[in-house]
Amino acid sequence: MADLPSWFVSIVAAIYPGFNPPPAHVYDGYIEGEFTYAAAATAGRIEGIGVTEGDQVGKGALLFALESKQAAAALRAAQAQLAQAEATLDNLSTGSREAEIAVTRASLDQARVAEDIATTRLERGQALLARGATTQAGVDDLQAAVDEAQAAVAQLEAQLTVSELPARDAEQRAAEAAVAAAQAQVDLARSDLDDRQVYAPVTGQVEKVFYEIGEVAGAGTPVVSILPPDQMTALFFVPEAERADLSPGGIVEISCEGCPPDLTAKITRLASDPQYTPPILYTSDQRGRLVYRVEAEVVDPEGVLPGQPVTVDARAAVQE
């Protein structure tokens, strides 16, 4: 506030004995609490509330919980999909099952026995042909039986080799990607389930509970507000003529009814935009009516309450 003319002060003092204009750099203000708001990351119906207004809560205490049946079911479904994807990857990585491989090996043994028998018959037929006891056509039939038996053995040997090999690289990479995607779905579902319970982010006093059990809270909508004990700010307004005398980091003295003695606060912010009522023009004659909001963090706020009127003495913080 600009200095009042001496004649005006004299007139007011005559009408109101004891009137004295406030000294420079002394301002009226009030205390404002820096509240922390607790909200759920997703929307849902409130199933339980673990605090009431006025409670002292520690960091990590349960504040409220949302219904979690659907989230729990989604987690179970995601876990089942992950198990299926892991089983597919395991099957591709290890090849066929042992029982299937055992059947292939038994068939191969049987084919090799058939090949030996066919080879023995061919050798006998060739010996008979040399003595003229059989025809060439009969020997040709025996040779065809040997060729067929050898082809069966080769086919089963290849089948056994394939069944013992893991899947091709492309198939295995696809299965690994499916496992990673399923794991991501599990993580997402578990995170959503965990978000259904909201815990206190700070230690402090529960100031306000905005919802009741059964009501639906939107995502990001505050449900509980907490006032930390050390988050108190003194707000006051300085005239344009004195704004340049203050700067962030300056220490101001605070006094009020019921406040502890030697209360101080540290200036943390000076507004760059003026506030005024009613609107006025920015002329040199009226510039003294402009005021600027100043915020100062109370150093030791024990015993200080939000909304409490205070007197701020900033003379010690005036820039030299």
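Residues numbered from 1 in each chain as written. Predicted model: local features only at pLDDT ≥ 70, side-chain atom pairs only at ≥ 80, totals over all residues. Heavy atoms only, no water.

S.K.: Provide a residue-level description of the nonpolar core, including the pertinent values.
M.R.: Formed by 26 residues in total, the largest nonpolar core has its most connected members in Phe236, Leu246, Val252 and Val298. Of all elements in the fold, only strand 1 (26–33), strand 10 (232–239), strand 11 (251–255), strand 12 (263–270), strand 13 (291–298) and strand 14 (309–313) reach the threshold of two or more residues within this core. In this structure, Val51, Val198, Val224 and Ile226 belong to the second largest nonpolar core, which totals 17 residues. (Core = buried A, V, L, I, M, F, W, Y, C linked by side-chain atoms within 4.5 Å. Buried < 20%, exposed > 50% of the residue type's maximum accessible area, 1.4 Å probe, protein only. Helix = DSSP H or I, 4+ residues; strand = E, 2+ residues; numbered from the N terminus.)

S.K.: Just give me the short version of the state of the cysteines, but keep the residues and values in it.
M.R.: Tallied over the full model, the rule gives one disulfide. The disulfide that involves Cys256 links it to Cys259, with 1.4 Å between the sulfurs. Because the torsion about its S-S bond is 40°, the bridge between Cys256 and Cys259 counts as right-handed. Judged by its relative accessible area of 18%, Cys256 is buried. (Disulfide = S-S within 2.5 Å.)

S.K.: Residue-level account of the pattern of salt bridges, with values.
M.R.: Where charged atoms from two side chains of opposite charge approach closely, those side chains can pair. Applying the stated criterion across every chain, the model contains seven salt bridges. Among the ionic pairs, Glu295 bridges to Arg269, the shortest N-O distance being 3.6 Å. Of this pair, Glu295 sits in strand 13 while Arg269 sits in strand 12; the two residues are 26 residues apart in sequence, bridging distant segments of the chain. With a relative accessible area of 17%, Glu295 lands in the buried category. On the accessibility criterion, Arg269 (40% relative accessible area) is partly exposed. Close ionic contact of Asp313 with Arg315 constitutes a salt bridge, the shortest N to O distance being 2.7 Å. Using a relative accessible area of 16% as the deciding quantity, one classes Asp313 as buried. Residues participating in the shared-partner salt-bridge network are Glu32, Arg269, Arg293 and Glu295. (Salt bridge = Lys/Arg side-chain N within 4 Å of Asp/Glu carboxyl O.)

S.K.: Kindly report on the packing of aromatic side chains, identifying the contributing residues and their values.
M.R.: Taken as a whole, this structure holds two aromatic pairs when the rule is applied. Note on Tyr27 and Phe236: the rings are 5.6 Å apart at their centroids and 15° apart in plane angle, and the pair reads as stacked. One end of the pair, Tyr27, is in strand 1; the other, Phe236, is in strand 10, and 209 residues separate them in sequence. Judged on exposure class, the residue Tyr27 and its partner Phe236 are both buried. Relative to Phe210, the ring of Tyr37 has its centre 6.5 Å away and its plane inclined at 35°; by these criteria the two rings are tilted. Placement of the pair is Tyr37 in strand 2 (residues 36–39) and Phe210 in the loop between strand 7 (204–209) and strand 8 (216–217), with a sequence separation of 173 residues. The residue whose ring lies beneath Arg243 is Tyr292, and the NZ or CZ to ring-centre distance is 4.6 Å. (Phe/Tyr/Trp six-rings, centres within 6.5 Å; stacked < 30°, edge-to-face > 60°. Lys NZ or Arg CZ within 6 Å of the ring centre and 35° of its normal.)

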